[in-house]
Amino acid sequence: QVQLVESGGGLVQAGGSLRLSCAASGSIFSINAMGWYRQAPGKQRELVTMITSGGGTNYADSVKGRFTISRDNAKNTVYLEMNSLRPEDTAVYYCNANGIRGRSFWYDEVWGQGTLVTVSS
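This report concerns the structure included in the present document. (Residues numbered from 1 in each chain as written. Predicted model: local features only at pLDDT ≥ 70, side-chain atom pairs only at ≥ 80, totals over all residues. Heavy atoms only, no water.)

1. Structural notes on the overall build of the chain
Counted only if it meets this: Think of it this way: any DSSP run of H or I at least four residues long counts as a helix, any run of E at least two long counts as a strand, and we number them from the N terminus. The size measure is the radius of gyration over C-alpha atoms, and the globule rule it meets is 2.2 Å times the number of residues to the 0.38 power. Throughout, exposure labels follow a simple rule: accessible area from a 1.4 Å probe, protein chains only, divided by the maximum for the residue type, with under 20% read as buried, over 50% as exposed, and the rest as partly exposed. Residue contacts follow a heavy-atom distance rule, with two residues in contact if any of their heavy atoms lie within 4.5 Å. With residues, only the protein chains shown are counted as cover, and all accessible areas are computed by Shrake-Rupley using a 1.4 Å probe. Asp and Glu are treated as the negative residues and Lys and Arg as the positive ones, with His and the ends of the chain left uncounted. Here the site of a charge means NZ on Lys, CZ on Arg, CG on Asp, or CD on Glu.
Each helix and strand counted, the chain has zero helices and eleven strands in total. Whereas a compact globule of 121 residues would reach a radius of gyration of roughly 14 Å, the chain reaches 14 Å, a difference of no more than 12%. With respect to the principal axes defined by its C-alpha atoms, the chain has extents near 50 × 25 × 20 Å. The burial tally for the chain puts 42% of its 121 residues in the buried class. Of the contacts formed within the chain by residues at least 6 apart in sequence, a portion of 56% connects residues at least 24 apart. Carbon and sulfur atoms make up 45% of the accessible area of the chain, which totals about 6,400 Å². Positive and negative side-chain charges of the chain, numbering 11 and 9 respectively, have mean locations separated by a distance of 4 Å.

2. Here we look at the sheet that holds strand β7 (residues 67-72)
Adjacent strands of a sheet pair through backbone hydrogen bonds, lying either parallel or antiparallel. Rules: By this definition, two strands are paired if DSSP reports at least two bridges between them. Note on definitions: angles span 0 to 180 degrees between N-to-C directions of axes, and those axes are lines fitted to C-alpha atoms, for helices only across the stretch in contact.
In spatial order, the strands read β1-β3-β8-β7; together these four strands make up an open sheet with antiparallel pairing. Each edge of the sheet is formed by a strand with only one pairing partner; in this case those strands are β1 (3-7) and β7. This sheet shows a mean twist of 15° between the axes of neighbouring strands, independent of strand direction. Examined bridge by bridge, β1 and strand β3 (residues 18-25) share five bridges and lie antiparallel to one another. Pairing of Gln-3 across the sheet is with Ser-25, part of β3.

3. Remarks on the pattern of salt bridges
Our working rule: By definition here, a salt bridge exists when the distance from a side-chain nitrogen of Lys or Arg to a carboxyl oxygen of Asp or Glu is within 4 Å.
This structure, assessed with the given rule, holds five salt bridges. Taking the shortest distance from any N to any O, the salt bridge between Glu-46 and Arg-38 comes out at 2.7 Å. Taking the relative accessible area as the measure of exposure, Glu-46 reaches 36% and is therefore partly exposed. Salt-bridge contacts for Arg-66 lead to Asp-89; the nearest nitrogen and oxygen are separated by 2.8 Å. Of this pair, Arg-66 sits in the loop between β6 (57-59) and β7 while Asp-89 sits in the loop between β8 (77-82) and β9 (91-102), and the two are 23 residues apart along the sequence. In this pair, the class of Arg-66 matches that of Asp-89, namely buried. Here the salt bridges share partners, and the residues they tie into one network are Arg-38, Glu-46, Arg-66 and Asp-89.

4. A word on the nonpolar core
Inclusion rule: Side-chain atoms within 4.5 Å are what join buried Ala, Val, Leu, Ile, Met, Phe, Trp, Tyr and Cys residues into a set we call a nonpolar core.
Within the largest apolar cluster, 31 residues are counted, with the highest numbers of intra-cluster contacts made by Trp-36, Phe-67, Val-78, Leu-80, Met-82, Tyr-93 and Ile-100. When residues of this core are traced back to their parent elements, those giving at least two are β3, β4 (28-39), β5 (46-52), β7, β8, β9 and β11 (115-120). Among the elements that take part in this core, β9 stands out by supplying five residues, more than any other. Look past the residues within four positions of Tyr-93 in its chain and what remains in contact with it is Glu-6, Leu-20, Trp-36, Tyr-37, Arg-38, Val-48, Phe-67, Leu-80, Met-82, Gly-114, Thr-115 and Val-117.

5. Some words on the state of the cysteines
Condition: Criterion for a disulfide: a pair of cysteine sulfur atoms within 2.5 Å.
Across all of its chains, the model carries one disulfide by this definition. There is a disulfide in this structure between Cys-22 and Cys-95, and the S-S distance comes to 2.0 Å. When the S-S torsion is -85°, as for the bridge of Cys-22 with Cys-95, the disulfide is left-handed. Here Cys-95 lies in strand β9 and Cys-22 lies in strand β3, a separation of 73 residues in the sequence. On the accessibility criterion, Cys-95 (0% relative accessible area) is buried.

Right, dumping it as structure tokens:
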């Protein structure tokens, strides 16, 4: 009943920028937190950043000062503005939402299918 649809990935040169979007579909009343994880080839999935419904944020140290997360609660959409991209940012980026309440359902956690970000040197 709930899906996360990501967009905005692609290929960019080092130092460039990309903007990811993730929209949650379904008859949703509220979402506690939304954010992004990433998984580079041969590595474990790691948290990039999360934002709560109240606007509280946290970031991985590796992206602080370069990435900015924002959220539109009315649209159940989260955005990730990525600047000063580095080759080490190359990964599949996964949208995550937790604490999703609907008219007749509750989900602890839902994942998007992922969008590939490739940063060339």
